[in-house]
Amino acid sequence: MAQVELNKQAHLSEHLTTSSVATLGHSSELDGSRLSPHFTLGELCKTSAKTQDGNIPSHVHIENLKRLCGWLEMLRKRYNERYVVNRRDVSTTLDMTKGVLSSRLSALEHHPFCHLERSREISPRAALGRDDNEDREEPIIINSGYRSPEVNKAVGGVATSNHLTGCAADIRVSGIEQLIRYATILLDISDESQEDFDELLIERSPKGSYWLHFAVRPSGNRRKVRLIQT
Ligand SMILES: [Zn+2]
């Protein structure tokens, strides 16, 4: 409760990556402020709940969100490296190779003495000398990050929720396969860095949709992993 009171006088801009002159009470002006290279305060504080308090985090909550976004950045990078950017390179190369092969095969019909040469595999982007992997990366989409007590109550969150302190994010998934990939990557990051997280939960709504709830606390992380938490 003390942190919530602190909110009303604090200047959020001091704690954000990009400079902002906005002060509390004007959350819309802060929405674009970056917590990390690919995540904004707006993304981590958005809510569909209709409440009076504006869902404004305190300095402490923002520090927690930034710590969490460090993990989300690593998740984003590794997911894209493993499943998006490199995979598309392979499929593009395969498509190109198929195209070259089929045109050479048709040429062969007219020139029966020609040998079929294996083509060099060059992606169109590499041929253009462009390194625009960034353009092709898939974002990590956050359904819910920080929740004020009012918002948490409105969405039916538990009173001890890590969302209340900016330590948790619900990560949207397109299906169970992506969910497992995200969870695996986060576990790998934890193992490799020897940094613990607090919760890695598959949460499900009564309607049956599910998402990955991931939480990191400043200290006392419990490494709770659960398959289903309704
Ligand atoms: Zn959650």
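Cut-offs used in this document
Residues numbered from 1 in each chain as written. Predicted model: local features only at pLDDT ≥ 70, side-chain atom pairs only at ≥ 80, totals over all residues. Helix = DSSP H or I, 4+ residues; strand = E, 2+ residues; numbered from the N terminus. Buried ≥ 20, exposed ≤ 12 C-beta atoms within 10 Å, placed from the backbone. Contact = placed C-beta atoms within 7 Å. pLDDT = per-residue confidence, 0-100. Expected span 1.5 Å × (residues − 1). Arc of directions from axis to C-beta.

J.: Just to check I follow, could you spell out the overall build of the protein for this structure?
T.: Secondary structure assignment for the protein yields eight helices and seven strands. Across the 230 residues of the protein, 27% fall into the buried class. Partitioning the intrachain contacts of the protein with sequence separation of at least 6 by distance along the chain shows that 64% fall at a separation of at least 24.

J.: Got a minute to help me understand the confidence of the model for the protein in this structure?
T.: Note: predicted coordinates in regions of low pLDDT should not be interpreted at a detailed level. Taken residue by residue, the protein gives an average pLDDT of 79. The fraction at 70 or more is 65%. The least confident element of the protein is helix H1 (residues 2-7), whose mean pLDDT is 37; the most confident is strand S4 (residues 168-171), at 98. Per-residue pLDDT stays below 50 along residues 1-26; that stretch engages in 36 contacts with residues further than four places along the chain or on separate chains. With pLDDT under 50 throughout, residues 111-123 is counted as low confidence; its partners more than four residues away or in other chains account for twelve contacts.

J.: Sorry, what's going on with unusual backbone geometry here?
T.: A negative phi angle characterises most non-glycine residues, just as the trans form characterises most peptide bonds. Not every positive phi belongs to a glycine, and Asn55 is a case in point at roughly 55°. You can see Asn55 is positioned in the loop between helix H3 (41-45) and helix H4 (59-110). Taking the C-beta count within 10 Å as the criterion, Asn55 has 18 such neighbours and is therefore assigned partly exposed. A positive phi angle, close to 55°, is found at Gln194, a residue other than glycine.

J.: How should I be thinking about the environment of Trp71 in this particular structure?
T.: Among the structural elements, Trp71 can be located in helix H4. Spatially, the C-alpha atom of Trp71 lies 9.4 Å from that of Phe197, the residues being 126 residues apart in sequence. Aside from chain neighbours lying at most four places away, what touches Trp71 is Leu186, Ile189 and Val216.

J.: How do you make sense of the environment of Ile189 when you look at a structure like this?
T.: With respect to the helices and strands, the residue Ile189 is situated in helix H8 (residues 176-193). Distance in space between the C-alpha atoms of Ile189 and Arg78 is 9.3 Å, their sequence separation being 111 residues. Beyond its immediate sequence surroundings of up to four residues, Ile189 is in contact with Trp71 and Met74.

J.: Even after reading the chapter, I still don't get H8, so can you show me in this structure?
T.: What sets the pattern is the α-helix's 3.6 residues per turn: residues three or four places apart point alike. Helix length check: H8, at 18 residues, gives a terminal C-alpha distance of 26 Å against a target of 26 Å (1.5 Å per residue), a fit within 8%. Residues of H8 that are buried include every one of Tyr182, Ala183, Ile185 and Leu186, and no others. Summarising the axial view, the buried residues of H8 lie within an arc of 160°, below the 170-degree limit, and thus occupy one face. Within H8, the exposed residues directed more than 90 degrees away from the buried face are Ile176, Glu177, Asp191 and Glu192. Looking one or two residues beyond H8, the residue adopting positive phi is Gln194, at roughly 55°.

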